[in-house]
Amino acid sequence: MAASTASGGEKSPRKEIYTYKAPWTVFSLAWSNRIEPNSQFRLAIGSYIEQYNNTVQILRTKYMLQPNSEFPTMSIYSACEIEHPYPCTKILWSPDGNKGGVANQGSRDLLATTGDYLRLWSVSDDDTSQGSLSHKRELLLNNNKNSEFCAPLTSFDWNESDPSLIGTSSIDTTCTIWDVNTQQARTQLIAHDREVFDLAFSRGKDVFASVGADGSVRLFDLRSLEHSTIIYETPNLEPLLRLEWNRQDPNYLATFKTDSHSTIILDIRVPSQPVTVLGGHAGCVNAVAWAPHSSCHICTAADDSQALIWDLSHMAKRPVEDPILAYGAEGEVNNLQWSSSQPDWVSIAFKEKLQILRV
């Protein structure tokens, strides 16, 4: 079982960085929304292996007091492994996870993955008192049952206001909104002229946006799907790779182009023109995450081995030129997530490592 530990440094403030080394390159990652006892964490990471057989690991943490140490040391270990066909393009835990509370420790935690299909898994304690977990595949959702072929899913989002809804994006130009309770597609629509690379719900259950290879950001409303609104297009229609809604202020979106060193911040009330563009990276941006507890903080990560945190509170008045915090990793950062249930922590993936950082 691969695991790594790290201990705190100075007494005040302590620099807390913890590392887990997987047996393969880490690509997808997600924090559980469940509140764990004793400030412990639960995360999922997905392998990137260029073959059919891939893996999802469920990671947990535990604290141990080392001899002659003033502070306990946290270690990260693999509590469960799930065999997964092809690499996961994205992993998310159910938004319902934070409603159980610590007292509901024994209940199952739901996890979704995309790759060739959308799959839902349940994870629960295995009653061995060893800290390990058991898993079960609950659903495999496929909206193309008339063909032996499937169009790979590039990404998805789980609606926080209505956790029965999951939206997926695909290389076949479509987005599909699934009802996981009925296991049926609520709607499928041609969203872009080319491949759709990402989809994200706004606050509430009806509005979502998508980005794709046609270089556009498109806004949809489930109550009126006859029309969509193009709120931004890249100047030369360069593909847009990822999309993130601001969790506290749904007027703002973040996106970035493929092979770009910059992150674009959009205000949906002022279409066509970015509010600001964040530079700062010397390599291609791979991931972006808004702070779950603040409307004006965002983290970006890139091939330059850096994760940067930005303060956007004055972006309407002047350009945002420098980050307020920079962390240098030991390799190109493939992905990052900011924990909703533990908002002091950010996780990054690079090479075969996952790191969690206290910010």
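**Regarding the confidence of the model for the chain**
So, point 1. Residues of the chain with pLDDT of at least 70 account for 92%, and the chain-wide mean is 90.
So, point 2. Ignoring residues within four places in sequence, the model shows residues 1-13, a span with pLDDT below 50, making 30 contacts including any to other chains.
So, point 3. Note that pLDDT drops below 50 for residues 100-105; the model gives that stretch eight contacts with residues more than four away or on any other chain.

**Quick notes on the side chain of Thr 154**
So, point 1. With respect to the secondary-structure elements, Thr 154 resides in strand S11 (residues 153-158).
So, point 2. Assessed through its relative accessible area of 11%, Thr 154 is described here as buried.
So, point 3. At 2.8 Å, the side chain of Thr 154 forms a polar contact with the side chain of Ser 169.
So, point 4. Of note is the side chain of Thr 154, whose polar atom sits 2.6 Å from the backbone oxygen of Val 196.
So, point 5. Those residues within four positions of Thr 154 in sequence are excluded, and the remaining contacts are Thr 89, Ser 169, Ser 170, Ile 171, Val 196, Phe 197, Asp 198 and Arg 242.

**So, the sheet that holds strand S12 (residues 165-170)**
So, point 1. Strand order in the open sheet made by the four strands is S11-S12-S13-S14, with antiparallel pairing throughout. Of all the strands in the sheet, the pair left with one neighbour each is S11 and strand S14 (184-190). For this sheet the average axis-to-axis angle between neighbouring strands, irrespective of direction, equals 20°.
So, point 2. Direction of pairing for S11 relative to S12: antiparallel, over a ladder of five bridges. Residue Leu 153 lies in a different strand from S12, and its bridge partner there is Ser 170.

**Quick word on the sheet that holds strand S22 (residues 276-278)**
So, point 1. Taken together, the four strands give an open sheet; going across it, the order is S19-S20-S21-S22, and neighbouring strands pair in antiparallel fashion. Each edge of the open sheet carries a strand with a single partner, namely strand S19 (240-245) and S22. Taking the axes of each pair of neighbouring strands and ignoring which way they run, one obtains an average angle of 25° across the sheet.
So, point 2. Pairing of strand S20 (residues 252-257) with strand S21 (residues 263-267) involves four bridges; the strand directions are antiparallel. The partner of Ala 254 across the bridge, within S21, is Ile 265.

**Topic: unusual backbone geometry**
So, point 1. The residue Tyr 86 is not glycine, and still its phi comes out positive at about 65°.
So, point 2. With respect to the helices and strands, Tyr 86 occurs in the loop between strand S6 (73-85) and strand S7 (90-93).
So, point 3. By relative accessible area, Tyr 86 is classed as partly exposed at 40%.

**Describing empty space enclosed by the protein**
So, point 1. For the structure shown, the criterion picks out two cavities of 30 Å³ or more.
So, point 2. As a volume, the largest cavity reaches approximately 40 Å³.
So, point 3. Lining the largest cavity, in full, are Cys 299, Ala 307, Leu 308, Ile 309, Leu 325, Tyr 327, Val 346, Leu 357 and Val 359.
So, point 4. Residue assignment for the lining of the largest cavity shows that the elements contributing at least two residues are strand S25 (306-311) and strand S26 (325-328).
So, point 5. Sort the elements by how many residues they give to the lining of the largest cavity and S25 lands first, with three residues.
So, point 6. Partitioned by chemical class, the residues of the lining of the largest cavity number nine nonpolar, no polar and no charged.
So, point 7. Taken as a whole, the second largest cavity spans an internal volume of roughly 30 Å³.
So, point 8. Along the walls of the second largest cavity sit Trp 31, Ser 32, Arg 34, Glu 36, Gln 40, Phe 41, Arg 42, Ser 341 and Gln 342, which together make up its complete lining.
So, point 9. Grouping the constituent residues of the lining of the second largest cavity by class yields two nonpolar, four polar and three charged.

Calculation rules
Residues numbered from 1 in each chain as written. Predicted model: local features only at pLDDT ≥ 70, side-chain atom pairs only at ≥ 80, totals over all residues. Heavy atoms only, no water. pLDDT = per-residue confidence, 0-100. Contact = heavy atoms within 4.5 Å. Helix = DSSP H or I, 4+ residues; strand = E, 2+ residues; numbered from the N terminus. Buried < 20%, exposed > 50% of the residue type's maximum accessible area, 1.4 Å probe, protein only. Polar contact = N/O pair within 3.5 Å; in protein donor to acceptor, adjacent residues only side chain to side chain. Pairing = 2+ DSSP bridges. Axes fitted to C-alpha atoms, helices over the stretch in contact; angles between N-to-C directions. 1 Å grid on protein atoms, 1.4 Å probe; cavity = no way out; pocket = protein on both sides within 12 Å on 5 of 7 lines; lining within 4 Å. Points joined across faces, edges and corners; volume = space filled by probe spheres on them. Nonpolar A, V, L, I, M, F, W, Y, C, P; charged D, E, K, R; others polar.

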